[in-house]
Amino acid sequence: MCGIVGYIGASQAAPILLDGLGKLEYRGYDSAGIAVYDGKKIQVKKAIGRLKVLSELTHDGATMPGTLGVGHTRWATHGAPSDLNAHPHYNKEETIAVVHNGIIENYLKLRKKLTEKGYEFRSETDTEVVAHLLDYYYKGDPLEAITKVMHRVEGSYALGILFREHPDRLYAARKDSPLIVGQGKDGNLIASDVPAVLKYTREVYFIRNEETAVLTTDGIAFYNMDGEEIVKNSTTIEWDLNAAEKGGYEHFMLKEMYEQPKTVQDTLKPRVKENTIEIEELSMTEEEIRSISRIHIVACGSAYHTGITAKYVFEGLARIPVEVDLASEFRYRNPILEEDALVLIVSQSGETADSLAALREAKGRGVKTLGIVNVVGSSIAREADKVMYTWAGPEIAVATTKAYSAQLIAQYLLALKFAQVRGRLTAEETAAMLGDLKKLPGQIEMLLANKERIQKFANRYIAAKDVFFIGRGIDYAISLEGSLKLKEISYIHSEAYAAGELKHGTISLIEEGTLVAAVVTQKDLYKKSMSNIVEVRTRGAFVLAVTNVDNTEMEKAADYVIYIPQTNPYFTNSLAIIPLQLFSYYVSVGKGCDVDKPRNLAKSVTVE
Ligand code: F6R
């Protein structure tokens, strides 16, 4: 995710661009930049760090004259955060400036072609190919050049573009990344999201996929990919600014839960070509993959929970032994690391102190390390031998949801890749499993659509004192995360137990009315888990079950059943966690807790 803005009108552009970027900082904040055109020169200023660095550099925009401009706040994907990689990017003569949100998937191919034609690249970004490609196609008609570029690039984009030869025009284009146009009183704007324009207007147009827009001070025109003009109606935005920043959702956590279908899709798509898995960044030869003797997954909190699921997946599919460690334990336990071991460090922030220390410990012992990280250019991303990014975008709510989902997908893909290379999965089996993975985004959407039912159920438990989560195998891993979500945001005591372990102590805590959430998605363990449900029910527990759609027997065993759609048993975590996230969220809302910023917790734990 990144945020883009653009303005053309009667006022000085730079302060308006900076103000708009401030409203979009939740979309990315590792660097920012603006390009402003005063009719003579397109002046570009960029700065690594938060937006305030750029604001200081430009004296809140005062030093940049001109009434036409574009701006960008970055969440790095291709190329670490730096002044050079910050947007806007431009062509060699600095006559075309571009800001971009999205990912150009075929940028390497395009970069190679453009380099062969003599274009020189200054940054490591995918965006820069757009600037040079526009230069290549531009023969006096910007719209024609933009349309040609749209035909050539693959992936997602929202673009804001300036052409020096057209001082009275602001250009925009979109595919699969959000982009709106705001119709202001003294000028018009583009932005990735509504909050950036609300100060100036409530009249907005939504640009659809593969459409372009041309803005002048007092006019807005839209075109399709054939260059034909399209007529659009504007929408009046009724939300207040606070709601708008959260895309109309009450909390960032809810918004981020709703982003999960996209997060899963974004993490999956670039690595699945037809029916094969290509994890370019892994850059391990088949021989190296075959020689992995053991995988150590090391992480904290929710990321650690994804590792527990991944252990079942790696061991089940690839038959590679896996150890999962809490990073804070791993670093001090003097672990035995074989020469051919692979250490996976899983971290959303890439800055968690214990995970970073564990990474250094593994590297110090000469073992291969792979980071599964969300924040590009973070410490773990920089220091790990290899890094596989989860494309979840910035996660604002302290309790992770979408990054967790993306971490699962990254590890499923690795497990499938390893299993295939090691001859444990045939091409047909891999294709079938990839088919299941591709269905996950749609299935997650379906589960999210069921939120009212879960909300009603959650409202009954806002006064609960203790809640237990039980499950076996992968269902135990899901239970751990379900339990953590509940306790961290609702402050209700909760524990996760391997269902078979309950009777070795914890069952004494079950009394009349205690809520037990049972996760039962592993077909071969249905019977065993059902007996554990009976055990707690006979002691008075109220059982909420999360199970597969075909397990209708559960109606008799549990008090309340939530079904998840059919998928491969290795992937059920991605679905079963959705109702559990919603449950925690609604309990927290019902109790009036600070959902996005629970007490005592920080988003990135940079202390031991
Ligand atoms: C829980 C949560 C934490 C993090 C943990 C690791 O909702 O967010 O448990 O998962 O602090 O953080 P990262 O992934 O940034 O290393």
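Observations regarding helix α1 (residues 13-23)
(1) Moving on: Taking burial as the measure, the 11 residues of α1 include 9 buried ones, the bulk of the element.
(2) Moving on: Listed in full, the buried residues belonging to α1 are Ala13, Ala14, Ile16, Leu17, Leu18, Asp19, Gly20, Leu21 and Lys23.

Overview of the site of the ligand
(1) Moving on: What surrounds the ligand is a group of 14 residues, the closest being Ser347, Gln348, Ser349, Thr352 and Glu488.
(2) Moving on: Separating an oxygen atom of the ligand from a side-chain N or O atom of Ser347 is a distance of 2.6 Å.
(3) Moving on: Within the contact set of the ligand, an oxygen atom lies 2.6 Å away from a side-chain nitrogen or oxygen of Glu488.
(4) Moving on: Alone, the ligand offers 410 Å² of accessible surface; in the complex the protein occludes 89% of this.
(5) Moving on: Where the shell around the ligand is concerned, the elements lending two or more residues are α10 (301-318) and α17 (474-490).
(6) Moving on: For the shell around the ligand, the residue count by class is 5 nonpolar, 7 polar and 2 charged.

Let's talk about the sheet that holds strand β1 (residues 3-9)
(1) Moving on: In spatial order, the strands read β3-β2-β4-β1-β10-β9-β11-β15; together these 8 strands make up an open sheet with antiparallel pairing. Where the open sheet ends on each side, the last strands, each with one partner, are β3 (42-48) and β15 (235-236).
(2) Moving on: Packed onto the sheet, α1 meets β1, β2 (31-37), β4 (68-74) and β10 (187-191) and runs at close to 155 degrees relative to β2.

Points about the environment of Gly49
(1) Moving on: Within the secondary structure layout, Gly49 lies in the loop between β3 and α2 (51-57).
(2) Moving on: The exposure class assigned to Gly49 is partly exposed, which follows from its relative accessible area of 23%.
(3) Moving on: Setting aside residues up to four positions removed in sequence, Gly49 forms contacts with Tyr29, Asp30, Ser31 and Ala32.

Quick word on the sheet that holds strand β6 (residues 96-101)
Each strand in a sheet pairs with another by means of backbone hydrogen bonds, the pair being arranged parallel or else antiparallel.
(1) Moving on: Ordered in space as β5-β6-β7-β8-β12-β13-β14, the 7 strands form an open sheet in which the pairing is antiparallel. Sheet topology places β5 (89-90) and β14 (229-230) at the edges, where each strand pairs with a single neighbour.
(2) Moving on: Pairing analysis gives 4 bridges linking strand β12 (residues 211-215) to strand β13 (residues 220-223), with the strands arranged antiparallel. Of the residues in β13, the one forming a bridge with Val214 is Ala221.

Conventions we followed
- Residues numbered from 1 in each chain as written.
- Predicted model: local features only at pLDDT ≥ 70, side-chain atom pairs only at ≥ 80, totals over all residues.
- Heavy atoms only, no water.
- Buried < 20%, exposed > 50% of the residue type's maximum accessible area, 1.4 Å probe, protein only.
- Helix = DSSP H or I, 4+ residues; strand = E, 2+ residues; numbered from the N terminus.
- Near = heavy atom within 4 Å.
- Polar contact = N/O pair within 3.5 Å; in protein donor to acceptor, adjacent residues only side chain to side chain.
- Areas by Shrake-Rupley, 256 points an atom, 1.4 Å probe, with all protein chains shown as cover.
- Nonpolar A, V, L, I, M, F, W, Y, C, P; charged D, E, K, R; others polar.
- Pairing = 2+ DSSP bridges.
- Contact = heavy atoms within 4.5 Å.
- Axes fitted to C-alpha atoms, helices over the stretch in contact; angles between N-to-C directions.

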